[in-house]
2 protein chains.
Amino acid sequence: MKHQKLATIEDVAAIAGVSIATVSRALNAPTKVADETRRRVTTAVAQTGYTTNAMARSLRMRRSNMILILAPDVGDPNFSNILVGLETEASKRGYGILIGNTQNDPARETDYLRFISSNQADGLILFTGHLPYGFGSEGGETRLPPTVAVNEPLPNADVPFVGVDNIEGARVATEHLIAQGHRRIAFIGHSTAKAVNVLRERGYRAALAGANITVDPRLILDGDGTTESGRAATEHMFVRDVLPTAFLCVNDATALGVVISLNARKYDLPRQFSVMGFDDISFASFVTPSLTTMKQPRVKIGEKAMDLLLMLLGGEQPPETEILLRSELIVRNSVSRPDRN
Amino acid sequence: MKHQKLATIEDVAAIAGVSIATVSRALNAPTKVADETRRRVTTAVAQTGYTTNAMARSLRMRRSNMILILAPDVGDPNFSNILVGLETEASKRGYGILIGNTQNDPARETDYLRFISSNQADGLILFTGHLPYGFGSEGGETRLPPTVAVNEPLPNADVPFVGVDNIEGARVATEHLIAQGHRRIAFIGHSTAKAVNVLRERGYRAALAGANITVDPRLILDGDGTTESGRAATEHMFVRDVLPTAFLCVNDATALGVVISLNARKYDLPRQFSVMGFDDISFASFVTPSLTTMKQPRVKIGEKAMDLLLMLLGGEQPPETEILLRSELIVRNSVSRPDRN
DNA sequence: TTGAGCTATGTAAAGGTTTTCATTGCTCAT
DNA sequence: ATGAGCAATGAAAACCTTTACATAGCTCAA
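In this text, all values refer to a predicted model and were calculated from it rather than measured experimentally.

Enquirer: Honestly, the domain arrangement of chain A in this entry has me stumped. Any pointers?
Expert: A common way to state how big an interface is: give the accessible area lost once the parts meet. When cut into domains, chain A gives domain 1 (9-52), domain 2 (63-159) and domain 3 (166-296). For domain 1 of chain A versus domain 2 of chain A, the separation of C-alpha centres amounts to 36 Å.

Enquirer: Explain the relation of the copies chain B and chain A here, please?
Expert: To go from the first copy of the chain to the second, apply a rotation about an axis and then a shift along the same axis. With an axial shift of 0.1 Å and an RMSD of 0.1 Å, the rotation relating chain B to chain A amounts to 180 degrees. What the superposition gives is, in effect, a two-fold axis relating one chain to the other. Looking at the interface residues of chain B, 100% of them are also at the interface in chain A, so both copies use one shared face.

Enquirer: Whenever I open this one, the protein's contact with DNA strand C confuses me. Can you help?
Expert: The immediate surroundings of DNA strand C are formed by 27 residues, with Thr22(A), Thr37(A), Ile9(B), Ser24(B) and Arg60(B) found nearest. The share of sugar and phosphate among atoms of DNA strand C within 4 Å of the protein is 61%. At 3.0 Å from a phosphate oxygen of DNA strand C is found a side-chain nitrogen or oxygen belonging to Asn28(B). For the surface near DNA strand C, the secondary-structure elements that each account for two or more residues are helix H2 (20-28) and helix H4 (54-61) of chain A together with helix H2 (20-28) and helix H4 (54-61) of chain B. Sorting elements by how many residues they give to the surface near DNA strand C places H2(B) first, with five residues.

Enquirer: In this structure, what is going on with H2(A)? I would like to understand it.
Expert: It helps to recall that an α-helix has 3.6 residues per turn; residues three or four apart then point in one direction. Residues and elements named next belong to chain A. Turning to H2, its buried residues number three or more, namely Thr22, Val23 and Ala26. All buried residues of H2 lie within an arc of 105 degrees about the axis, which places them on one face of the element. Structurally, H2 contributes buried residues whose contacts are with helix H1 (9-16) and helix H3 (35-48).

Enquirer: How do you make sense of the interface of chain B and chain A when you look at a structure like this?
Expert: Taken residue by residue, the interface counts 51 residues in chain B and 52 residues in chain A. Here chain B packs against chain A, burying approximately 4,400 Å² in sum over the two surfaces, 56% of which is carbon and sulfur. The three residues of chain B that bury the most area against chain A are Met55(B), Glu87(B) and Phe286(B), which together make up 15% of that side's buried surface. Glu87(B) is the partner of Arg108(A) in a salt bridge, and the nearest nitrogen-oxygen pair spans 3.1 Å.

Enquirer: Before we go on, may I ask you to explain the UniProt feature "domain: HTH lacI-type" (unreviewed entry) in chain A in this structure?
Expert: When the UniProt feature table is mapped onto this chain, "domain: HTH lacI-type" (unreviewed entry) is found at residues 7-61 of chain A. Taken as a whole, residues 7-61 of chain A contains 71% helix and 0% strand, while its terminal C-alpha atoms sit 21 Å from one another.

The rules behind these values
- Numbering of residues begins from 1 in every chain and follows the order in which that chain's sequence is written.
- Starting at A for chains and at 1 for ligands, labels are handed out in the order in which the entities are written.
- Thresholds applied to this predicted model are a pLDDT of at least 70 for local features of residues and 80 or more for the giving and counting of side-chain atom pairs; totals over whole chains, interfaces and linings are not thresholded and use all residues.
- Side-chain figures throughout are based on the complete set of non-hydrogen atoms in the structure, without hydrogens or water.
- An automatic or database domain assignment supplies the residue ranges for each domain.
- We place the copies in one frame by least squares, fitting the C-alpha atoms of every residue whose pLDDT is at least 70 in both.
- The contact criterion used is simple: two residues touch if any of their non-hydrogen atoms lie within 4.5 Å.
- Note on terminology: near, applied to a residue and a molecule or strand, indicates that one of the residue's heavy atoms is within 4 Å of it.
- Two N or O atoms form a polar contact when they lie within 3.5 Å of each other; inside protein one atom must be a possible hydrogen donor and the other a possible acceptor, and for residues adjacent in sequence the pair counts only when both atoms belong to side chains.
- Numbered from the N terminus, helices here are DSSP runs of H or I no shorter than four residues, and strands are runs of E no shorter than two.
- In this scheme, a residue with accessible area under 20% of its type's maximum is buried, one over 50% is exposed, and one in between is partly exposed, where area comes from a 1.4 Å probe on protein chains only.
- To obtain the arc, one takes the directions from the helix axis to the C-beta atoms.
- When two parts are brought into contact, each loses some accessible area as probed by a 1.4 Å sphere; the total of that loss over both is the buried area.
- Here, a salt bridge means any side-chain nitrogen of Lys or Arg that lies within 4 Å of a carboxyl oxygen of Asp or Glu.
- UniProt positions are given in the numbering used here, feature names are shortened, and annotations may be inferred rather than shown by experiment.

The following block contains the structure:
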């Protein structure tokens, strides 16, 4: 009783008085069947409430019309907005999306490969910044399906990438500070480990070079992109007593740490120090002072990435293998002209 | 060349020198096969890199081990944290997760039913607060699979619900204000349309009643839970010049609107007005003053909901059909003792 | 008139499992 | 010695499609 036995293609065929092959064609390649027959089929379909069994279809066609998305933290707001774009584009093209939260745990990454190796997903979107363990080049292991990397490019693999142009964005941000009159600009978030940090620092340096400002290595501080790292770097700066007039932070979370630290020291922002973030995550406008930052076109990143993946899936050779979208300068209240030199 | 032909159960059977039935049993019901045979099978599996084809299995078993999650806004931070819980629990039990972003669009909701009717998903988690159009009681339409509602209960359907205890939470929040000495407490976010609002208002009224404070209807203002509604309600209050000493807001977004409005009027918070939120969404700690609020156990909500759904899927009758989790009072800086009466 | 070519349809294979039912060879109680 | 009962396995059906191949009927040019 529970499973009121769904209508199959045979039921439809019987009612329409044709063979199941014809039903299939009427549904999937309407031009191949006579008008009158097609009409009979559609009527029968409506009558039975028939829907194609996706499992049988996938089994036969060897594709599932599903995309697996692997992300280290599904709860990350930066991720979830890109997800909106991914989902929109996928659903528009008849694809469904499967979500895997890896928590940077190699075991979980490997585990999720079962969706690939068992044909449950045709393509892969990676937010992790590396191939899941188990994809390597060694034989016998799961083959890499059509894949697109988002946010973090994959260092050692030849996988198309969609993300924001970090160099350009950081350059624009730095130029904004320079245009306000700042010359002593700190960079908070130096790291050789994270590609994003490396690139944004590169943009920072490019902007300084373009304005003929020599880089002061004492103004470049380590940071892993967390709020705490921003706080720590700022404190460190005061200990060493080498102070900038503006902070360019590798991201908003870091900028938040800087703001917290400066607020705690009772500085008046942005008068005494300017702070610039990157990403424009949701809280950026709620901090005091609200953060001037570079906004990532998150939804668009998602759409582009899915578009690229579906292209690969369709066998097309995509025009470009790296799509860099521009970020947008969002001017709020954490940056002003410097009150000193 | 593209599809290096995956190993099937037949390949394994051939190598192990047994029938495919035995291979299947060795993998799915190990006790049913002799030790020695099982060993041979596992060796053959390792050698070929065989993984069960999920499509074939699903077709045969009439279940996909997939759960469809339908949410109005996948980008909503409140949702994405619950998603973490859902994902964790599902993946622990061998289930995968399919995401659908409905944007409150009936057409999209209906469209996603194809996953159900085509057997691509065994169960359903609804964040939408209503059944998707097309499930109704009318015949010929898709049958409702095992379903659990999260966050928003379903008004007219007999579907288990998992969420926060809104009445209790709002009561605790209000009692906190009362304990600080407030007697004139406004409720921002009255609405008969949204269940969450109705329940939280009920908790507010219960707390007042418990403290023998009569409800002043002029202190209860409409709001749909947006930041803008909080701002508008506050302005409205000043126009009518009926002022509370504290604002209990239906959620953090509303509270943010209240704070923005009060800040704009140059009031000193929390000295002149206390503001209390609900939810503890990520920005709550970054606003100035940081929001005192009720924290929803989001990850746990997700886990419980998935647990309940998998119970239903397993044919068990769950012990309770409504699971209400307690929210936690998070004391920050937006509430203090009143400076007047 | 013939047959080439086309359209519309049907038959049957293939896709890879799980599981029912049947079979075989035991053990052990009678 | 006999047969009941059990453990281990295999053969084959069933799950529901899509599609290659075959067939039948037509049109139309030679």
